[in-house]
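Each chain, written out:
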Amino acid sequence: MRTDFAVVLAAALLLHTFWRNNAEHASKGPCRPGFSQSFYSVLISRDVLQGQGIVKGATLSSQRVKFDDCVGNDGVVFQSSDPVFSVRTDGSIFAQEEVASLDEPVQFKVAASGPHTKIWETVIQLAVTDLPSLGQNENEVTEEEKKQKEKKEAFQTPPPVIMFSGSRFNSTKGHRRQKRDWVIPPINVAENSRGPFPQMLVSIRSDQDQDISIRYSITGVGADQPPNEVFSIDPVVGKMFVTKPLDREHRSSYHLRAHAVDMNGNQVENPIDLYIFVIDMNDNRPEFKNQVYNGSVDEGSKPGTYVMHLSAFDADDNTTANGMVRYRILSQTPHSPIPNMFTINSETGDIVTVAPGLDREKVSQYTIIVQATDMEGNLNFGLSNTATAIITVTDINDNPPMLTSRTFSGEVPENQVDVVVANLTVTDADQPHSPNWNAIYRIISGDPTGHFTIRTDPVTNDGMVTVVKPVDFEMNRAFMLTVVVSNQAHLASGIQSSLQSTAGVTISVQDVNEPPYFPTNPKHIRFEEGVPAGTSLTTFSASDPDRLQMQQLIRYSKLNDPADWLSINRTNGQIVTTAVLDRESVYVKNNIYEATFLATDNGSPAASGTGTLQIYLIDINDNPPALVPRESQICERRNKNVNGVNITAADADTDPNAGPFVFELPNFPSSIRRNWTISRISGDYARLGLRYQIYLEPGMYEVPIIVSDSGNPPLSNRSVIKVKVCPCDEHGDCTTLGAVAAAGLGTGAIISILICIIILLSMVLLFVVWIKRREKERQTKQLLIDPEDDVRDNILKYDEEGGGEEDQDYDLSQLQQPDSLEHIMSKPPGVRRVDERPIIPESQYPIRPVVPHPGDIGDFIHEGLRAADNDPTAPPYDSLLVFDYEGSGSTAGSVSSLNSTSTGDQDYDYLNDWGPRFKKLADMYGGGDDD
């Protein structure tokens, strides 16, 4: 089945008028490559045909197809999809073949391509009209008549009809042409239409509707897909409608498919693709992303300097004037130095400077109102919006710092540091607390030895002249400094330093009473230890630096003497010993004894200085050696692997008054040399061992040894080493029993100790078990009181007091249960006593918490009471109790003679409130009459 389409003349006129207006409007804007229209409707006057058809090469209409590639259209070529009709390079439409007639509209594609452009396409529709040819009758018809005719036909002709047709037209030879697919021109609908709705868009019909009944339908987004029912179609006549206003910003186009089926639902025609484009209307204002924009520009910037960028978005179509935004500046505040310091690029929104004279010190900020207007800035038709641009003039270092005075002065006492002696003030017009304002001070002359520095106050920017090295009045009574100030940042290009950036500073030094000083401090001397008290060691004198003052007297005193070995003469500083100097004293470190002395003058005020005396003590042989170690152990028999104990000696003296040492065994007692032997290993070590074939009982032995040093003369010392003799294993180590035996304990004592240890451990274990069992019982019973004090439901035994003389002789067998009572009671098998507890499951009593809360005690008691009242297994049991005869002759009367004195009815209903134990009494008496 063919799918050729034809559009009637009235629709062609409407489309022709619409696209012509669009083309004229588009021509006013900037150049955009492509066809001026995406669809051309070309009307061919019947005068051109003259009843003879179309001749090959004939121009069909004076209307031309307009195409522009914006580079001159050089090399542009048009290609047609129809072999009969095409377009020349000048845009005129002509016939490539002879055509006998044009009874129905013809539609074909035209593609334009060239070396400077991509492939662009448009659709051309040819239709025959009865209007006179524009070339022949244009002079005969006035302009007003043509407008009236177009207006009349535009509003009176029916909407276009899209047909499912089976044929198009015949060729000159009369044979039927081959089927070709048609390109359906888009249907254009203006957004925000006011109706009335539904508004008809197009009529669709099949050329087979004369033979069969056809039903039409449309599918796609806007029809049967969300948003549904935007478009509808009359299923019988095929008229398609739009049912509501469209919004291009919400959806700019719709793609629908038209279907034609018979009454049985069978497809009659192939579906047709319908493209509906929403024509944009200028219904959206430009919107700035921000209401306030912040920008900055350096002061002193040249004209044309970029400042900032503003942008506005228009939701309308940006390919039309509706969405083309233009910018302009409405106002500038303040107007200094001129009202128009800035301009804005109307298309890009970039703000630049247009005039010199930006000075932050005069105007630090500008406020600019910017307006954005669509319709390419047309204030009569476009919609506008405004935003605020705040431009901050940023500081540059165009103002050098200037000292407030050419000279400054100050004074400082000698020998003081970290003292501010002068304050330099400066002014700077640049932005405070910025690198352009921060001052840096330098001393360029007058202080070659570096006694002063200038620090900058971070708050006030002042320069603080500070002493960093003590000054001496006797050396320099005054300093003449030259100071220069600059900024942390370099001066801007073209800015020169000011003469006021340099100043002179005079610093006067004040003389003060300086303390005496020791020329040699600390002072070193050497002496042998052991010098007697009263020995003069040296003279430790001090000097007074105040040479310009009158002669002052210096007095000496001792400040620190750890061992109290020295004294000093108050007037001349002579040092004399007061005790024997001992190199081995704890106050001597590395053979040096150190003492500190004080020298004080008589100035006003008095001043004092300290000096340190270091005495190097030369060692003499005044300490005998001592044996090391003092205790050891050895095997009872000589072992081939371990032959003895290694010993050495310690001497407080140093070489040559210490080692090597000589170790000897004394001659008395004789058993020492008989049992022990000592051999030299090295100069400082020897070995003590048992002689061969000597066996000693395990135990502790004291072995005296004589140790001598190498001094001149040598010193000796008789020392005793305690040696533990014990049985050893194969490795030469004492066994455990052997070590104990060597300590003096026998086998019996060792066994006794072990038995005591076992008994002690057993007692501890039993105590732990008892504690755990007691804790377990407490957790199981869960009573508020101690289990031994619990008296609930327990039988308490008291001392019997007897029943009188007549009650002394009784038969205990009568208290047992008699066999003759079987007719009184009937018990199930297995019950031996009448008053036995019932054999039923026991009731559950509340469990007491391990650590009860004081407020829960009352609740626990009441819950336990209720459980006991309702527990049939708790005594007294509800059973028959048998008692025996208790004797006769009682002086008491029978209680059976007591009668109730109540003459009226008595209410026993309260027995029901006494619990289950009084249930039988309540059943017997409650609610009944007195018997």
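Worth saying up front: this structure is predicted, and the values here are computed from it rather than measured.

**Brief notes about the overall build of the protein**
Right, on to step 1. Helix and strand counts for the protein come out as 9 helices and 50 strands.
Right, on to step 2. Counting only residues that meet the buried cut, the protein has 34% of its 931 residues in that class.
Right, on to step 3. If you take every contact in the protein between residues at least 6 apart in sequence, the share linking residues at least 24 apart comes to 67%.
Right, on to step 4. Summed over its atoms, the accessible surface of the protein is roughly 55900 Å², and 52% of this surface lies on carbon and sulfur atoms.

**Structural notes on unusual backbone geometry**
Right, on to step 1. The omega torsion across Ser336 and Pro337 is -5 degrees, close enough to zero to call that bond cis.
Right, on to step 2. Topologically, Pro337 is positioned in the loop between strand 22 (326-333) and strand 23 (342-344).
Right, on to step 3. Omega for the bond connecting Asn521 with Pro522 falls within 30 degrees of zero, at 0 degrees, which places this linkage in the cis form.
Right, on to step 4. For Pro522, the location among the structural elements is in the loop between strand 35 (502-510) and strand 36 (523-528).
Right, on to step 5. You will see that Glu376, though not glycine, has its phi angle at about 55 degrees, which is positive.
Right, on to step 6. Following the sequence through the fold, Glu376 ends up in the loop between strand 25 (365-373) and strand 26 (384-394).
Right, on to step 7. Of note in the backbone geometry, Asn461 takes a positive phi value of approximately 70 degrees without being a glycine.
Right, on to step 8. Topologically, Asn461 is positioned in the loop between strand 32 (452-456) and strand 33 (463-467).

**Some details on the packing of aromatic side chains**
Right, on to step 1. Counting across every chain of the model gives 15 aromatic pairs.
Right, on to step 2. Ring geometry for Trp565 and Tyr593: centres 4.6 Å apart, planes at 35 degrees, overall tilted. Of the two residues, Trp565 sits in the loop between strand 38 (554-560) and strand 39 (566-568) while Tyr593 sits in strand 41 (residues 592-601), which places them 28 residues apart along the sequence.
Right, on to step 3. Three or more aromatic residues link up through ring pairs in this structure, and these residues are Phe518, Phe540, Tyr556 and Phe597.

**So, the sheet that holds strand 43 (residues 626-628)**
Right, on to step 1. Ordered in space as 43-45-48-47, the 4 strands form an open sheet in which the pairing is antiparallel. Edge positions in the open sheet fall to strand 43 and strand 47 (676-680), since each of these has one partner strand only. Ignoring which end each strand starts from, the neighbouring axes of this sheet average 35 degrees apart.
Right, on to step 2. The pairing of strand 47 with strand 48 (residues 685-690) spans 5 bridges and is classified as antiparallel. Bridge pairing in strand 48 links Trp676 to Leu690.

**Description of the pattern of salt bridges**
Opposite charge on two side chains allows them to pair when their charged atoms are near.
Right, on to step 1. Inspection of the entire model under this criterion finds 12 salt bridges.
Right, on to step 2. Close ionic contact of Arg248 with Asp280 constitutes a salt bridge, the shortest N to O distance being 3.0 Å. Within this pair, whereas Arg248 is found in the loop between strand 15 (239-242) and strand 16 (253-262), its partner Asp280 is found in the loop between strand 17 (267-279) and strand 18 (287-288), the two being separated by 32 residues in sequence. No difference in accessibility class separates Arg248 from Asp280, as the two residues are buried.
Right, on to step 3. Across the pair Asp395 and Arg360 runs a salt bridge, and its minimum N-O distance is 3.2 Å. A residue pair is termed long-range when its members are at least 10 positions apart, and Asp395 in the loop between strand 26 and strand 27 (402-403) and Arg360 in the loop between strand 24 (350-353) and strand 25 qualify at 35 residues.
Right, on to step 4. Note on Asp395: relative accessible area 12%, which makes it buried.
Right, on to step 5. Salt bridges sharing common partners tie together Arg248, Glu249 and Asp280.

**Re helix 8 (residues 857-869)**
Right, on to step 1. Its 13 residues place the ends of helix 8 19 Å apart at the C-alpha level, agreeing with the 18 Å of an ideal helix rising 1.5 Å per residue.
Right, on to step 2. Within helix 8, burial applies to Phe860, Gly864, Ala867 and Ala868. All buried residues of helix 8 lie within an arc of 95 degrees about the axis, which places them on one face of the element.

**Considering the state of the cysteines**
Right, on to step 1. Under the definition given, this model contains 1 disulfide.
Right, on to step 2. In this model, Cys635 is linked to Cys728 through a disulfide, with the two sulfur atoms separated by 2.0 Å. When the S-S torsion is -110 degrees, as for the bridge of Cys635 with Cys728, the disulfide is left-handed. With Cys635 in strand 44 (residues 631-635) and Cys728 in the loop between strand 50 (716-726) and helix 6 (736-742), this residue pair connects regions lying 93 residues apart in the sequence.

**Some remarks on the sheet that holds strand 35**
Right, on to step 1. In space, the 4 strands of this open sheet follow the order 28-35-34-31, with mixed pairing throughout. Across the chains shown, the open sheet's two edge strands, defined by having one partner strand only, are strand 28 (407-413) and strand 31 (439-445). Each neighbouring strand pair of the sheet contributes to a mean axis angle of 30 degrees, computed without reference to strand direction.
Right, on to step 2. For strand 28 and strand 35, the ladder comprises 7 bridges, and the chain directions are parallel.

**Looking at the side chain of Ser301**
Right, on to step 1. Mapped onto the fold, Ser301 is located in the loop between strand 19 (292-298) and strand 20 (306-309).
Right, on to step 2. On the basis of relative accessible area, Ser301 is assigned to the buried category, the value being 11%.
Right, on to step 3. At a separation of 2.5 Å, a polar atom in the side chain of Ser301 contacts the main-chain carbonyl oxygen of Asp298.
Right, on to step 4. What Ser301 contacts, discounting residues up to four positions off in sequence, is Pro356 and Leu358.

**Regarding the side chain of Asp561**
Right, on to step 1. Note that Asp561 resides in the loop between strand 38 and strand 39.
Right, on to step 2. Engagement of the side chain of Asp561 in a polar contact is seen with the backbone nitrogen of Leu566, the distance being 2.9 Å.

**Observations concerning a nonpolar patch on the surface**
Right, on to step 1. A cluster of nonpolar side chains, contributed by Leu760, Val764, Phe767, Val768, Trp770 and Ile771, occupies part of the molecular surface with about 590 Å² of accessible area.
Right, on to step 2. Its place among the elements puts Phe767 in helix 7 (residues 747-781).

**Quick look at the environment of Val237**
Right, on to step 1. Inspection of the secondary structure assignment puts Val237 in the loop between strand 14 (231-233) and strand 15.
Right, on to step 2. On the basis of relative accessibility, which here comes to 40%, the residue Val237 falls in the partly exposed class.
Right, on to step 3. Expressed as a C-alpha distance, the spacing of Val237 and Arg215, which sit 22 residues apart in the sequence, is 8.0 Å.
Right, on to step 4. Those residues in contact with Val237 that lie beyond four places of it in its chain are Ser203, Ile204 and Tyr216.

**Brief notes about the environment of Ala389**
Right, on to step 1. In this structure, Ala389 sits in strand 26.
Right, on to step 2. Classification of Ala389 by relative accessible area gives buried; the value is 0%.
Right, on to step 3. Note: C-alpha distance between Ala389 and Asn290 (99 residues apart in sequence) is 9.8 Å.
Right, on to step 4. In this structure, Ala389 is in contact with Tyr293, Met308, Leu310, Ile351, Tyr366, Thr367 and Ile368, ignoring residues within four places of it in sequence.

**Focus on the pairing of strand 32**
Right, on to step 1. In this sheet, strand 33 lies alongside strand 32 in antiparallel orientation, the contact comprising 5 bridges. The residue of strand 33 that forms the bridge with Arg455 is Met464.

**A short note on the UniProt feature "transmembrane region" (unreviewed entry) in the protein**
Right, on to step 1. The residues that UniProt annotates with the feature "transmembrane region" (unreviewed entry) are residues 749-771.
Right, on to step 2. This span, residues 749-771, is 100% helix and 0% strand, and a straight line between its end C-alpha atoms measures 33 Å.

**Quick word on the pairing of strand 35**
Right, on to step 1. Only one face of strand 35 is covered, namely the one carrying Ala503, Val505, Ile507 and Val509; the face carrying Thr502, Gly504, Thr506, Ser508 and Gln510 has none of its residues buried.
Right, on to step 2. With 7 bridges connecting them, strand 34 (residues 478-487) and strand 35 associate as antiparallel partners. Residue pairing in the sheet places Thr482 in a bridge with Gly504 of strand 35.

**A word on the environment of Asn340**
Right, on to step 1. Considering the arrangement of structural elements, one finds Asn340 in the loop between strand 22 and strand 23.
Right, on to step 2. According to the relative accessible area criterion, Asn340 is exposed, its value standing at 55%.
Right, on to step 3. Between the C-alpha atoms of Asn340 and Ile329, which are 11 residues apart in sequence, the distance is 9.2 Å.
Right, on to step 4. Not counting the four nearest positions on each side in its chain, Asn340 is found in contact with Gln332, Val354 and Ala355.

Rules of the game
- Residues numbered from 1 in each chain as written.
- Predicted model: local features only at pLDDT ≥ 70, side-chain atom pairs only at ≥ 80, totals over all residues.
- Heavy atoms only, no water.
- Helix = DSSP H or I, 4+ residues; strand = E, 2+ residues; numbered from the N terminus.
- Buried < 20%, exposed > 50% of the residue type's maximum accessible area, 1.4 Å probe, protein only.
- Contact = heavy atoms within 4.5 Å.
- Areas by Shrake-Rupley, 256 points an atom, 1.4 Å probe, with all protein chains shown as cover.
- Phe/Tyr/Trp six-rings, centres within 6.5 Å; stacked < 30°, edge-to-face > 60°.
- Pairing = 2+ DSSP bridges.
- Axes fitted to C-alpha atoms, helices over the stretch in contact; angles between N-to-C directions.
- Salt bridge = Lys/Arg side-chain N within 4 Å of Asp/Glu carboxyl O.
- Expected span 1.5 Å × (residues − 1).
- Arc of directions from axis to C-beta.
- Disulfide = S-S within 2.5 Å.
- Polar contact = N/O pair within 3.5 Å; in protein donor to acceptor, adjacent residues only side chain to side chain.
- Patch = residues over 30% accessible without salt bridge, like charges linked within 9 Å, V, L, I, M, F, W, Y side chains within 5 Å.
- UniProt positions renumbered as here; feature names shortened; annotations may be inferred.

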